[in-house]
Amino acid sequence: MYSKKGFQAYKTYWEDQASFMDKSPWNLKKILKLTISKDFNRNIEELEFSNHSISREEGQLTLRVNVPYNYFELDGFELKAIELLGIDKNWLIDMSLEDSSCTHQLTR
């Protein structure tokens, strides 16, 4: 069993959804980029993101996570993602899907 929110919940949920496939569930060409208000630093620290996923830019937190290979087919993907990550919508300054320049797969 895994936690109901945070990095591990996000990772496990999407891997479980793709368990029937013989390939990685992650789209290596896209990432979900979340910009979070600095007022919620403590909340984010409790969710145990890796140093690879989170950075501080211009006084704000930026979280980057891989997306499932079929993210574009999923209704409400962004809302499901922040729910699994344990991030409240009012913490967000911005949320976007961006091209990834990283070949690092989602691991822990």
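Small disclaimer: the values here were computed from a predicted structure and weren't measured.

Reading the values: the criteria
Residues numbered from 1 in each chain as written. Predicted model: local features only at pLDDT ≥ 70, side-chain atom pairs only at ≥ 80, totals over all residues. Heavy atoms only, no water. Helix = DSSP H or I, 4+ residues; strand = E, 2+ residues; numbered from the N terminus. Rg over C-alpha atoms; globule rule 2.2 N^0.38 Å. Buried < 20%, exposed > 50% of the residue type's maximum accessible area, 1.4 Å probe, protein only. Contact = heavy atoms within 4.5 Å. Areas by Shrake-Rupley, 256 points an atom, 1.4 Å probe, with all protein chains shown as cover. Lys, Arg positive; Asp, Glu negative; His and termini not counted. Charge placed at Lys NZ, Arg CZ, Asp CG, Glu CD. Salt bridge = Lys/Arg side-chain N within 4 Å of Asp/Glu carboxyl O. Axes fitted to C-alpha atoms, helices over the stretch in contact; angles between N-to-C directions. Parallel < 35°, antiparallel > 145°, perpendicular 65-115°, else oblique. Nonpolar A, V, L, I, M, F, W, Y, C, P; charged D, E, K, R; others polar.

Q: In this structure, what is going on with the overall build of the chain? I would like to understand it.
A: Secondary structure assignment for the chain yields three helices and four strands. Element order for the chain, N to C, with α for helix and β for strand: α-β-α-β-β-α-β. For 108 residues, the compact-globule estimate of 2.2 N^0.38 gives 13 Å, and the chain sits close to it at 13 Å. For the chain, the C-alpha atoms occupy an extent of roughly 40 × 30 × 25 Å along the three principal directions. Each of the 108 residues in the chain was classed as buried or not, and the buried ones make up 41%. Contacts in the chain between residues at least 24 apart in sequence constitute 77% of all its contacts with a sequence separation of at least 6. In the form shown here, the chain has an accessible surface area of approximately 6,700 Å², with 44% of it arising from carbon and sulfur atoms. The averaged location of the 17 negative side-chain charges in the chain is 2 Å from the averaged location of its 14 positive side-chain charges.

Q: Explanation requested: helix α1 (residues 7–17) in the structure shown.
A: Every α-helix winds through 3.6 residues per turn, so residues three or four apart in the chain are directed the same way. For α1, the set of buried residues is F7, A9, Y10, K11, T12 and W14. Buried positions along α1 lie against β1 (26–36), β3 (60–68) and α3 (77–85).

Q: Explain the pattern of salt bridges here, please?
A: A side chain of one charge can pair with a side chain of the opposite charge if their charged atoms are brought near each other. In this structure the tally under the stated criterion is four salt bridges. Salt-bridge contacts for D99 lead to K30; the nearest nitrogen and oxygen are separated by 2.8 Å. With D99 in strand β4 (residues 92–99) and K30 in strand β1, the pair connects residues that are 69 residues apart, well separated along the chain. We classify D99 as exposed; its relative accessible area is 60%. Here K30 falls in the partly exposed class, since its relative accessible area comes to 22%.

Q: I would appreciate a short explanation of the packing of α1 against α3 in the present structure.
A: The relative placement of two packed helices is expressed as an angle between their axes plus a distance between the axes. One way to put it is that α1 packs onto α3 with a least axis distance of 7 Å and a crossing angle of 130°. The orientation of α1 with respect to α3, classified from their angle, is oblique. Residues F7, A9, Y10, Y13 and W14 of α1 form the contact with α3, whose participating residues are F77, K80, A81, L84 and L85. Split into classes, the residues belonging to the contact of α1 with α3 amount to nine nonpolar, no polar and one charged.

Q: I'm lost on the environment of F20 in this one. Help?
A: Checked against the element boundaries, F20 lands in the loop between α1 and β1. Distance in space between the C-alpha atoms of F20 and R56 is 37 Å, their sequence separation being 36 residues.

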